[in-house]
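Listed below are the residues making up each chain.
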Amino acid sequence: MFPIIMAHEPAASNAVADTSNAVNLEGAAGCLILVTEYTAGGDTDLVLTVHEGATAAVAEAGTYAISATFPIWVAADATSTTPATALTWTRQTDAATYTIDATTTKNYMVAMYVPAGILTNGRPYICLGTSGGNASNIAVAHYILDRARYKGATLYDVLT
């Protein structure tokens, strides 16, 4: 079971600015955070971080950035018209942040896998944090829960 949750709706990448929704990793092995940014020539890099918290509100406030490193993969096409299916994913050095270089017009996809085991005890919520970005660029983010287990009667119970 891999529930997919929208972390942030498509928006100008500078408007994402720490306004993503949080997700609860209780009952999940981890979370793959997938961020897509179309850099339409607005040359302001988008810096991705992940925050944690005891509640969704604390994670969304960005008080506690995850400092432990986690795996990151990046796919960037040669032009803005290359189909996403032609992308090649490249493993990056494990890190706690990633910066999308918006120098040229490209579609970027960044996948960050946050294992639940690296979270601080008592802080099961995570939230994508961003800084930078440009009003000309568009970004969207999704959470894909890894091996999520139901803790209640409905899928909603695993998300809250």
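What comes next concerns the included structure. Bear in mind the structure is a predicted one, so any value in this text is a computation, not a measurement.

Regarding the side chain of His8
Part 1 of the reasoning: Its place among the elements puts His8 in strand S1 (residues 4-12).
Part 2 of the reasoning: Taking the relative accessible area as the measure of exposure, His8 reaches 4% and is therefore buried.
Part 3 of the reasoning: A distance of 2.8 Å separates a polar atom in the side chain of His8 from a polar atom in the side chain of Thr19.
Part 4 of the reasoning: The contact partners of His8, leaving out residues within four places of it in the chain, are Ala15, Val16, Thr19, Ser20, Val140 and Ala141.

A short note on the pattern of salt bridges
Part 1 of the reasoning: A full pass over the atoms with the stated rule returns three salt bridges.
Part 2 of the reasoning: The salt bridge involving Arg91 is made with Asp94; its shortest N-O contact spans 2.5 Å.
Part 3 of the reasoning: Note that Asp146 and Arg147 form a salt bridge whose closest N and O atoms lie 3.2 Å from each other.
Part 4 of the reasoning: The exposure class of Arg147 is exposed, given its relative accessible area of 52%.

A short note on the environment of Asn121
Part 1 of the reasoning: Structurally, the position occupied by Asn121 is in the loop between strand S9 (106-115) and strand S10 (125-132).
Part 2 of the reasoning: The exposure class assigned to Asn121 is exposed, which follows from its relative accessible area of 80%.
Part 3 of the reasoning: Placed 68 residues apart in sequence, Asn121 and Gly53 show a C-alpha to C-alpha distance of 9.7 Å.

Focus on the packing of aromatic side chains
Part 1 of the reasoning: For the coordinates displayed, the defined rule picks out zero aromatic pairs.
Part 2 of the reasoning: The ring of Tyr64 carries the charged tip of Arg123 above its face, separated from the ring centre by 3.5 Å.

Comments concerning the sheet that holds strand S3 (residues 30-39)
Part 1 of the reasoning: Strand order in the open sheet formed by six strands is S1-S11-S3-S9-S6-S7, and the pairing between neighbours is antiparallel. Both edges of this open sheet fall to S1 and strand S7 (90-91), since each of them pairs with a single strand only.
Part 2 of the reasoning: The pairing of S3 with strand S11 (residues 138-146) spans nine bridges and is antiparallel. Bridge pairing in S11 links Leu34 to His142.

A closer look at the side chain of Asn137
Part 1 of the reasoning: In this structure, Asn137 sits in the loop between S10 and S11.
Part 2 of the reasoning: A polar atom in the side chain of Asn137 sits 2.8 Å from the backbone oxygen of Gly42.
Part 3 of the reasoning: Once residues lying within four places of it in the same chain are set aside, the contact partners of Asn137 are Ala11, Ala12, Ser13, Glu37, Tyr38, Thr39, Ala40, Gly41, Gly42, Thr44 and Ala102.

Section: the nonpolar core
Part 1 of the reasoning: Grouped together as the largest cluster of nonpolar side chains are 36 residues, with contacts concentrated most on Ile33, Met112, Ile126 and Tyr143.
Part 2 of the reasoning: Excluding residues that lie within four positions of it along the chain, Met112 makes contacts with Cys31, Leu32, Ile33, Leu48, Val50, Phe70, Pro71, Ile72 and Leu128.

Side note on the pairing of S3
Part 1 of the reasoning: When you tally the buried positions in S3, you get seven out of ten residues, the bulk of the element.
Part 2 of the reasoning: In this sheet, S9 lies alongside S3 in antiparallel orientation, the contact comprising ten bridges. Residue pairing for S9: Thr36 is matched across the bridge by Met109.

Remarks on the pairing of S10
Part 1 of the reasoning: Counting buried positions over the eight residues of S10 gives six, a clear majority of the element.
Part 2 of the reasoning: Bridge analysis of strand S2 (residues 22-24) against S10 gives three bridges, and the strand direction is antiparallel. The partner of Val23 across the bridge, within S10, is Ile126.
Part 3 of the reasoning: Relative to S10, strand S4 (residues 46-53) runs antiparallel, the two sharing eight bridges. Among the inter-strand pairings, Gly53 is bridged to a residue of S10, identified as Tyr125.

Calculation rules
Residues numbered from 1 in each chain as written. Predicted model: local features only at pLDDT ≥ 70, side-chain atom pairs only at ≥ 80, totals over all residues. Heavy atoms only, no water. Helix = DSSP H or I, 4+ residues; strand = E, 2+ residues; numbered from the N terminus. Buried < 20%, exposed > 50% of the residue type's maximum accessible area, 1.4 Å probe, protein only. Polar contact = N/O pair within 3.5 Å; in protein donor to acceptor, adjacent residues only side chain to side chain. Contact = heavy atoms within 4.5 Å. Salt bridge = Lys/Arg side-chain N within 4 Å of Asp/Glu carboxyl O. Phe/Tyr/Trp six-rings, centres within 6.5 Å; stacked < 30°, edge-to-face > 60°. Lys NZ or Arg CZ within 6 Å of the ring centre and 35° of its normal. Pairing = 2+ DSSP bridges. Core = buried A, V, L, I, M, F, W, Y, C linked by side-chain atoms within 4.5 Å.

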